[in-house]
Each structure stands twice: as C-alpha cells, then as structure tokens.
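# Per-entry structural report
In case you want the letters, here they are:
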Amino acid sequence: MHSSSPDPAPLRLFERACGSLLRRGQEFSDSVVGKIRAEVPYYADPVLAPPDVRLTVGTGVRHALEAALDPGRLADVERSTRELGRRRAEQGRPLDEVLHAFRVAGSEVWNAIIKVVDEERLGDTRQLVHVAELVWKSNDRDAVLVADAYRQVADGVASRHGERVRLVLAALVESRDRPEFVRSAAGILGLPLDGRYAVAVLAATPPYGRVPGTDPDVPGVRVLRQTGGRHDILVAHLGDRPLDAFVSALDAGAGFRVGVSPVVEGLEGLARARDLAALALRTCRADGEVARLDTRLPDGLLVARPDLSARLAQGVLRPLYALEPADRDTLLDTVGFWIEHGGSAARAAQRMFCHRNTVLNRLRRFEQLTGLALTRPRDLVRLTLALDAHRLGVGVTDAGPHHHPPAS
C-alpha cells in the first residue's frame with residue numbers, strides 16, 4: 001500500500017492510520033469480513049461462501065497494513081493475493097464475486113481510516129483526500145493481481161469444473177431432503193433454486209449400446225445432461241417455456257426410448273422428477289416413443305405397482321389364457337380396437353379387415369368368457385386397465401402373473 005507523494009503529510013497520516021488499524025488485529029479484520037458478507041450475496045450464503053473467508057481476509061488485511069508501514073512487505077501482499085486468486089479459481093468461485101469482495105474490503109478500510117483519524121486525532125483531516133488516492137491505488141493493484149492469477153489457472157480448472165458439474169448433477173437428481181446440498185448445487189450449476197424444471201430419461205434397448213449424445217436445442221431452455229451407460233438423464237430448466245417446447249425437441253430414434261416427467265417447481269423437486277421420468281419410460285411399448293407421464297397417468301399407475309396390475313389383469317383376463325394363443329390374441333385385439341375406436345364395432349371391423357357382425361360376435365364371446373358386460377362402465381374401466389397392463393408387460397400368461405417391463 002506504499003506510494004510516493006510530493007507532499008509527505010498525507011503519507012505520514014496514512015501510515016499512522018494503518019498502524020492504528022493494525023493494532024486492532026482480528027477485531028478490525030472481522031469487521032471487514034462482516035462488511036463483505038453484508039454486501040456480497042455470494043459471500044453471505046453460508047453454503048456457497050468459501051469456508052476460509054475469515055482467514056484469507058484477515059491475512060490480506062494484515063499484509064496490506066504492514067506494507068503501508070514497511071514497503072518491503074509488498075512482496076507478502078503480492079504473494080498472498082496471487083495465491084488467493086489461484087485458490088478461488090480452483091474452487092470455481094465466480095471472479096466477479098471475488099473482485100466485488102475486494103472492492104467492499106477497500107471501502108471498509110477507507111471508512112475505518114476516516115474514523116480512526118477523526119477519533120484519535122491523528123492529523124489534519126483535510127489530507128484525507130490525498131490518503132484516499134493511496135487506498136484505492138493499492139486496492140486496484142490487489143484486484144489486478146488476484147484477477148491475473150485467477151485467469152492463469154481458469155483454463156485448467158474449466159475441465160475439472162466440467163467433471164464437478166457432472167458429479168453434482170448426478171447427485172442432485174438423487175438427493176432427497178438435503179436442502180443445503182441443493183443450495184450448493186444451484187450455485188455450482190448456475191441454476192435458480194425456484195425455477196421450473198423437467199427431467200427426461202433416455203434409455204437404449206439391446207443391441208444398441210448408447211443413446212445419442214446430442215442435446216436438444218430449445219430457445220429459452222437450458223438443458224444439462226448426465227451420461228451413464230445405457231441411460232442418460234436430461235435436466236431442463238424451462239424458464240417460462242411450456243413443457244411441450246422441451247418434449248417436441250426430443251427425438252427418440254431407433255433403438256431407444258424417452259420418458260419425460262411433469263413440470264416440477266424448484267431444484268429440490270429434481271429427484272422426484274427423475275423418478276417420474278423413469279416411470280414414464282417404463283410405459284413405452286416400443287422403440288422410438290417419447291412418453292410424457294402427464295399424458296399417460298393410467299399407464300404410470302399400472303407400472304408403478306406391477307404386483308397389483310398383474311392381479312387385476314389376472315382377475316379380468318385369466319379365462320382367455322385357457323384358449324389357444326391365436327384365438328386369445330384375436331379376442332384381445334378385437335376388444336382393444338373396439339375400445340380405441342370409441343366402442344364402434346364398424347370402425348373396429350374396418351381396422352381388422354372383417355365384417356361388423358364378426359366384431360360383435362367376438363365381443364359377445366368375450367363377455368361370456370370373462371363375465372364382464374361391456375355396457376357397464378365399471379366393467380369397461382377394469383377391462384381397459386387390464387388390457388393396458390397386459391400390453392405393458394405386467395399382465396398374465398399361461399403360467400400366471402408375470403412382470404417383464406420394457407427396457408428402462
């Protein structure tokens with residue numbers, strides 16, 4: 001903090017003020033720390049703030065005050081300042097926040113000098129205008145040093161930071177009831193705590209080994225990817241965009257399937273969203289599907305409880321499993337097409353390339369075998385769910401209940 005001046009009076013006043021502050025020791029450095037935490041949001045956060053703030057500020061303030069009394073100590077200032085810049089870069093702390101903290105610290109030192117000069121009557125207060133130049137020149141010099149050291153290591157840190165982001169994202173989609181970790185992850189990933197999010201799970205099916213590595217490009221939506229074997233997870237910060245914007249950009253090509261969660265509010269909901277996306281994925285019946293859970297809630301209920309779904313399917317469809325497989329499949333297909341076409345025998349017949357009366361005869365036979373009445377709403381609901389369970393692989397076979405969900 002030493003600088004030459006044509007008039008020695010401001011320099012002597014500066015030295016006396018710095019000596020007085022130096023004698024206050026930890027009490028003064030703690031006041032600087034308090035000011036930084038009060039004015040720099042990043043340092044105010046108990047999770048995001050570097051844990052060594054009190055130590056580094058104390059060291060920096062002491063070295064700066066000592067250098068004001070002994071210019072030979074400037075080497076200590078330069079060494080500790082550069083070391084701080086390197087450490088903050090390696091920690092992935094934002095440079096803007098580090099420099100903001102330096103400016104706040106300089107302001108607190110200047111205010112303390114004004115106060116101590118006045119309280120202890122150290123000299124002519126009119127000289128303080130020249131002292132201010134000394135304070136801010138040294139503060140600017142230190143800011144340049146810390147920024148230069150920070151940038152020197154930033155490139156090397158970038159690749160390590162990318163790995164850190166990957167690990168944090170992987171932990172975030174698995175984290176439950178860990179609010180402090182979620183807050184820390186928000187800072188590392190640069191995501192808002194209270195944003196709107198959705199999760200997509202992409203899964204490859206044999207013999208395909210991996211899902212495509214290209215992230216969807218959606219204006220206004222930031223997408224982060226967690227890669228892992230045959231499964232990839234996409235976390236989408238939707239901002240104010242609808243879920244449709246994200247879903248429409250997902251392309252499930254040959255050999256893989258996609259499950260998409262509903263929108264969740266806040267980062268703390270990502271673990272739940274990941275579960276819901278995985279559930280949506282299990283509702284896929286063939287490769288190439290993009291399954292939104294909010295449009296497949298009945299299927300989601302079925303795959304969420306395969307034990308109960310198998311019991312339902314067994315209770316409704318079991319009489320059909322005494323038939324020859326071709327006969328059974330014909331009846332199941334007929335009932336399925338009839339349901340899908342709104343209970344129209346004529347439209348089901350067109351779909352199956354047969355006569356309308358053939359469809360009606362099959363429906364009557366189905367009713368006789370199962371004891372269901374297709375005109376009764378409750379029976380129709382049970383039948384629809386049982387058919388869906390059968391198609392999703394949670395129904396029954398000749399051997400009884402089984403659960404063979406699609407690859408997920």
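Residues numbered from 1 in each chain as written. Predicted model: local features only at pLDDT ≥ 70, side-chain atom pairs only at ≥ 80, totals over all residues. Heavy atoms only, no water.

Helix and strand content of the protein chain: 16 helices and eight strands. By the burial criterion, 47% of the 408 residues in the protein chain qualify as buried. Taking all contacts inside the protein chain whose residues are at least 6 apart in sequence as the whole, residues at least 24 apart take part in 68%. Of the roughly 20200 Å² of accessible surface on the protein chain, a fraction of 52% belongs to carbon and sulfur atoms. (Helix = DSSP H or I, 4+ residues; strand = E, 2+ residues; numbered from the N terminus. Buried < 20%, exposed > 50% of the residue type's maximum accessible area, 1.4 Å probe, protein only. Contact = heavy atoms within 4.5 Å. Areas by Shrake-Rupley, 256 points an atom, 1.4 Å probe, with all protein chains shown as cover.)

Turning our eyes to something else, we now look at the nonpolar core. In terms of nonpolar packing, the biggest core is built from 44 residues, with Phe14, Phe28, Ile36, Tyr43, Ile113, Val117 and Val131 touching the most fellow members. Elements supplying a minimum of two residues to this core: helix H1 (8-23), helix H2 (26-39), helix H3 (41-44), helix H4 (53-69), helix H5 (74-90), helix H6 (95-120) and helix H7 (128-172). Here this core takes 13 residues from H6, the largest share from any one element. Leu169, Leu172, Val173 and Ile233 belong to the second-largest nonpolar core, a separate cluster that totals 25 residues. (Core = buried A, V, L, I, M, F, W, Y, C linked by side-chain atoms within 4.5 Å.)

Looking now at unusual backbone geometry. A positive phi angle, close to 50°, is found at Arg121, a residue other than glycine. Positionally, Arg121 belongs in the loop between H6 and H7. Exposure remark for Arg121: the relative accessible area of 74% places this residue in the exposed category. Positive phi, close to 55°, is recorded for Phe353, a residue that is not glycine. Inspection of the secondary structure assignment puts Phe353 in the loop between helix H14 (345-352) and helix H15 (356-370).

To continue, consider helix H11 (residues 297-304). Every buried residue belonging to H11 is among Asp299, Gly300, Leu302 and Val303, and all of these are buried. The buried residues of H11 all sit within an arc of 160° when viewed along its axis, so they share a single face. Looking at the buried residues of H11, the elements they touch are helix H10 (270-282), helix H12 (306-317) and helix H16 (377-392). (Arc of directions from axis to C-beta.)

To continue, consider the confidence of the model for the protein chain. When pLDDT is averaged along the protein chain, the result is 83, and 89% of the positions lie at 70 or above. Across residues 1-6, where pLDDT falls below 50, the model places 15 contacts with residues more than four positions away in sequence or in other chains. Contacts of residues 397-408 to residues separated by more than four positions or lying in other chains number 35 contacts, the stretch itself having pLDDT below 50. (pLDDT = per-residue confidence, 0-100.)

What follows deals with the side chain of Gln226. If you trace the backbone, Gln226 turns up in strand E2 (residues 222-228). Since its relative accessible area comes to 16%, Gln226 is described here as buried. Excluding its chain neighbours within four sequence positions, the residues that come into contact with Gln226 are Leu169, Ala170, Val173, His231, Asp232 and Ile233.

If charged atoms from side chains of opposite charge come close, those side chains can pair. Summed over all chains, the structure comprises 26 salt bridges. Arg87 serves as the salt-bridge partner of Glu83, at 3.6 Å between the closest nitrogen and oxygen. Highlighted residues: Glu83 and Arg87, both in helix H5, separated by four residues, approximately one helical turn. Residue Asp232 is joined to Arg225 by a salt bridge in which the shortest nitrogen-to-oxygen separation is 2.5 Å. Across this residue pair, the class does not change: Asp232 and Arg225 are buried. One network of salt bridges, with partners in common, ties together Asp52, Glu83, Arg86, Arg87 and Arg88. (Salt bridge = Lys/Arg side-chain N within 4 Å of Asp/Glu carboxyl O.)

Our next topic: the environment of Leu128. Assignment of secondary structure puts Leu128 in helix H7. Residue classification places Leu128 among the buried residues on the basis of a relative accessible area of 11%. With 18 residues separating them in the primary sequence, Leu128 and Trp110 have C-alpha atoms 9.6 Å apart. When near neighbours in sequence (up to four residues on either side) are disregarded, Leu128 contacts Leu13, Trp110, Ile113, Ile114 and Val117.

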